[in-house]
Amino acid sequence: MRRAAGFFILLNLFLAGPAFAQQRVEVKDTDGNGKPDEWRFYEGDTLVRIERDRDGDGRREVTLFVENGKPVRSEVDRNGDGKPDVILWMKNGQVQRESADTNFDGKPDVWIYYTNGIKDLTIMDKNHDGRPDAWFYYGEGGLKLVGLVMDENFDGQPDRKSGSVPEKEDRTPW
(Lines give C-alpha, C1' and ligand atoms only; values in the text may rest on other atoms or scores of the structure.)
Protein backbone atom coordinates (compact mmCIF):
# COMPACT_ATOMS: atom_id res chain seq x y z
CA MET A 1 0.00 0.00 0.00
CA ARG A 2 2.79 2.43 0.91
CA ARG A 3 4.54 1.63 -2.31
CA ALA A 4 1.44 2.44 -4.38
CA ALA A 5 0.89 5.71 -2.52
CA GLY A 6 4.51 6.71 -3.16
CA PHE A 7 4.12 5.94 -6.86
CA PHE A 8 1.03 8.15 -7.15
CA ILE A 9 2.77 11.00 -5.34
CA LEU A 10 5.73 10.75 -7.73
CA LEU A 11 3.39 10.50 -10.72
CA ASN A 12 1.51 13.62 -9.60
CA LEU A 13 4.75 15.54 -9.11
CA PHE A 14 5.95 14.45 -12.56
CA LEU A 15 2.69 15.51 -14.21
CA ALA A 16 2.53 18.79 -12.31
CA GLY A 17 6.24 19.51 -12.79
CA PRO A 18 5.86 21.72 -15.87
CA ALA A 19 3.29 23.89 -14.05
CA PHE A 20 5.66 24.41 -11.14
CA ALA A 21 8.55 25.15 -13.49
CA GLN A 22 6.56 28.05 -14.96
CA GLN A 23 6.35 29.89 -11.63
CA ARG A 24 9.22 32.05 -10.41
CA VAL A 25 9.95 34.73 -7.85
CA GLU A 26 12.32 37.68 -8.19
CA VAL A 27 13.63 39.01 -4.88
CA LYS A 28 14.85 42.60 -4.68
CA ASP A 29 16.51 44.95 -2.22
CA THR A 30 14.95 48.23 -3.33
CA ASP A 31 16.25 50.37 -0.45
CA GLY A 32 19.85 49.09 -0.62
CA ASN A 33 20.08 47.94 3.01
CA GLY A 34 21.19 44.41 2.09
CA LYS A 35 17.86 42.79 3.00
CA PRO A 36 15.14 41.71 0.58
CA ASP A 37 12.09 43.97 0.67
CA GLU A 38 10.26 43.16 -2.56
CA TRP A 39 9.16 39.86 -4.07
CA ARG A 40 7.79 39.71 -7.65
CA PHE A 41 5.83 36.57 -8.52
CA TYR A 42 5.56 35.43 -12.12
CA GLU A 43 3.61 32.73 -13.90
CA GLY A 44 5.65 32.15 -17.01
CA ASP A 45 6.69 35.65 -18.08
CA THR A 46 3.58 37.26 -16.60
CA LEU A 47 3.83 39.28 -13.39
CA VAL A 48 0.89 38.25 -11.14
CA ARG A 49 1.78 39.61 -7.69
CA ILE A 50 4.20 41.92 -5.88
CA GLU A 51 4.77 41.69 -2.13
CA ARG A 52 6.63 44.35 -0.13
CA ASP A 53 8.17 44.69 3.31
CA ARG A 54 7.94 48.45 3.84
CA ASP A 55 9.36 48.70 7.34
CA GLY A 56 12.30 46.26 7.15
CA ASP A 57 10.97 43.82 9.77
CA GLY A 58 11.07 40.84 7.38
CA ARG A 59 7.27 40.60 7.10
CA ARG A 60 5.42 41.55 3.94
CA GLU A 61 2.86 44.27 4.65
CA VAL A 62 1.75 45.10 1.10
CA THR A 63 0.53 42.76 -1.63
CA LEU A 64 -0.32 44.03 -5.11
CA PHE A 65 -2.19 41.69 -7.46
CA VAL A 66 -1.63 42.22 -11.18
CA GLU A 67 -3.64 41.09 -14.22
CA ASN A 68 -2.68 41.84 -17.81
CA GLY A 69 0.10 44.14 -16.61
CA LYS A 70 -2.23 46.33 -14.50
CA PRO A 71 -2.87 46.36 -10.75
CA VAL A 72 -6.31 45.00 -9.83
CA ARG A 73 -6.12 44.80 -6.03
CA SER A 74 -3.85 45.96 -3.27
CA GLU A 75 -3.88 44.65 0.30
CA VAL A 76 -2.10 46.29 3.24
CA ASP A 77 -1.53 44.78 6.70
CA ARG A 78 -1.05 47.82 8.96
CA ASN A 79 -0.90 46.05 12.33
CA GLY A 80 1.30 43.06 11.45
CA ASP A 81 -1.24 40.33 12.18
CA GLY A 82 -0.91 38.81 8.71
CA LYS A 83 -4.39 39.89 7.57
CA PRO A 84 -5.13 42.85 5.28
CA ASP A 85 -6.60 45.91 7.00
CA VAL A 86 -6.90 48.04 3.86
CA ILE A 87 -7.96 46.66 0.48
CA LEU A 88 -8.12 48.68 -2.75
CA TRP A 89 -9.80 47.43 -5.92
CA MET A 90 -8.60 48.91 -9.21
CA LYS A 91 -9.71 48.85 -12.81
CA ASN A 92 -7.62 50.10 -15.72
CA GLY A 93 -5.03 51.35 -13.24
CA GLN A 94 -7.50 53.51 -11.27
CA VAL A 95 -8.84 52.89 -7.78
CA GLN A 96 -12.55 52.01 -7.88
CA ARG A 97 -13.23 51.29 -4.22
CA GLU A 98 -11.49 50.74 -0.93
CA SER A 99 -12.31 49.16 2.42
CA ALA A 100 -10.51 49.54 5.74
CA ASP A 101 -10.64 47.88 9.14
CA THR A 102 -9.70 50.82 11.36
CA ASN A 103 -10.06 49.07 14.73
CA PHE A 104 -8.37 45.79 13.62
CA ASP A 105 -11.29 43.54 14.58
CA GLY A 106 -11.19 41.70 11.24
CA LYS A 107 -14.22 43.50 9.76
CA PRO A 108 -14.17 46.57 7.50
CA ASP A 109 -15.71 49.72 8.97
CA VAL A 110 -14.82 52.26 6.27
CA TRP A 111 -15.74 51.98 2.59
CA ILE A 112 -14.59 54.50 0.01
CA TYR A 113 -15.91 54.82 -3.54
CA TYR A 114 -14.11 56.47 -6.44
CA THR A 115 -15.31 57.73 -9.81
CA ASN A 116 -12.63 57.94 -12.50
CA GLY A 117 -10.02 57.40 -9.75
CA ILE A 118 -11.30 60.33 -7.64
CA LYS A 119 -12.84 59.80 -4.20
CA ASP A 120 -16.48 60.83 -4.13
CA LEU A 121 -18.04 58.90 -1.20
CA THR A 122 -16.87 57.55 2.14
CA ILE A 123 -19.20 55.39 4.22
CA MET A 124 -18.33 54.68 7.85
CA ASP A 125 -19.51 52.38 10.62
CA LYS A 126 -18.48 54.66 13.47
CA ASN A 127 -19.67 52.45 16.35
CA HIS A 128 -18.46 49.17 14.76
CA ASP A 129 -21.84 47.43 14.91
CA GLY A 130 -21.70 46.29 11.28
CA ARG A 131 -24.12 48.98 10.00
CA PRO A 132 -23.11 52.20 8.24
CA ASP A 133 -23.92 55.40 10.09
CA ALA A 134 -22.04 58.17 8.26
CA TRP A 135 -21.83 59.11 4.58
CA PHE A 136 -19.38 61.78 3.39
CA TYR A 137 -19.67 63.15 -0.16
CA TYR A 138 -16.72 64.80 -1.90
CA GLY A 139 -16.31 67.19 -4.81
CA GLU A 140 -13.50 69.23 -6.38
CA GLY A 141 -11.24 66.33 -7.22
CA GLY A 142 -12.08 64.36 -4.08
CA LEU A 143 -10.57 67.01 -1.81
CA LYS A 144 -13.55 69.03 -0.62
CA LEU A 145 -16.34 67.68 1.57
CA VAL A 146 -19.57 68.81 -0.09
CA GLY A 147 -22.20 66.90 1.90
CA LEU A 148 -22.80 64.49 4.72
CA VAL A 149 -25.46 62.25 6.19
CA MET A 150 -25.19 61.11 9.81
CA ASP A 151 -27.02 58.60 11.98
CA GLU A 152 -25.90 60.10 15.26
CA ASN A 153 -27.91 57.87 17.60
CA PHE A 154 -27.13 54.67 15.63
CA ASP A 155 -30.77 53.67 15.13
CA GLY A 156 -30.40 53.07 11.39
CA GLN A 157 -32.11 56.34 10.38
CA PRO A 158 -30.33 59.53 9.29
CA ASP A 159 -30.49 62.26 11.95
CA ARG A 160 -28.62 64.96 10.07
CA LYS A 161 -28.05 65.92 6.45
CA SER A 162 -26.08 68.86 5.22
CA GLY A 163 -24.65 70.11 1.96
CA SER A 164 -25.07 68.41 -1.37
CA VAL A 165 -26.29 64.83 -0.89
CA PRO A 166 -28.21 62.62 -3.30
CA GLU A 167 -31.88 61.85 -2.63
CA LYS A 168 -31.06 58.13 -2.67
CA GLU A 169 -27.69 56.40 -2.32
CA ASP A 170 -27.37 53.02 -4.05
CA ARG A 171 -23.78 52.36 -3.05
CA THR A 172 -23.56 50.32 0.11
CA PRO A 173 -20.79 48.63 2.09
CA TRP A 174 -19.88 45.26 0.67
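Note that this is a predicted model, so its numbers are computed, not measured.

Draft legend 1. Expanded view of the nonpolar core. Ranked by size, the top nonpolar core spans 15 residues in total, and within it Leu47, Leu64, Val86 and Val95 carry the most contacts. Listed by contribution, the elements that provide at least two residues to this core are β3 (46–52), β4 (62–67), β6 (86–91), β7 (94–100) and β8 (110–115). Not counting residues within four places of it along the chain, the set of residues in contact with Leu47 comprises Arg40, Phe41, Tyr42 and Val66. Ranked by size, the runner-up nonpolar core spans seven residues in total, among them Trp111, Ile123, Trp135 and Val149.

Draft legend 2. Inspection of the environment of Lys144 at higher detail. Locating Lys144 in the fold gives a position in strand β11 (residues 144–150). Separated by 25 residues in the primary sequence, Lys144 and Lys119 have C-alpha atoms spaced 9.9 Å apart. Those residues in contact with Lys144, other than ones at most four positions away along the chain, are Tyr137, Tyr138 and Gly139.

Draft legend 3. Fine view of the packing of aromatic side chains. In total, this model carries zero aromatic pairs according to the counting rule given. A cation sits over an aromatic face here: Arg49 above Phe41, 3.8 Å from the ring centre. Here Arg97 stacks its cationic end above the ring of Trp89, 4.2 Å away from the centre of that ring.

Rules of the game
Residues numbered from 1 in each chain as written. Predicted model: local features only at pLDDT ≥ 70, side-chain atom pairs only at ≥ 80, totals over all residues. Heavy atoms only, no water. Core = buried A, V, L, I, M, F, W, Y, C linked by side-chain atoms within 4.5 Å. Buried < 20%, exposed > 50% of the residue type's maximum accessible area, 1.4 Å probe, protein only. Helix = DSSP H or I, 4+ residues; strand = E, 2+ residues; numbered from the N terminus. Contact = heavy atoms within 4.5 Å. Phe/Tyr/Trp six-rings, centres within 6.5 Å; stacked < 30°, edge-to-face > 60°. Lys NZ or Arg CZ within 6 Å of the ring centre and 35° of its normal.

No statement about biological role is implied by the geometric values presented.
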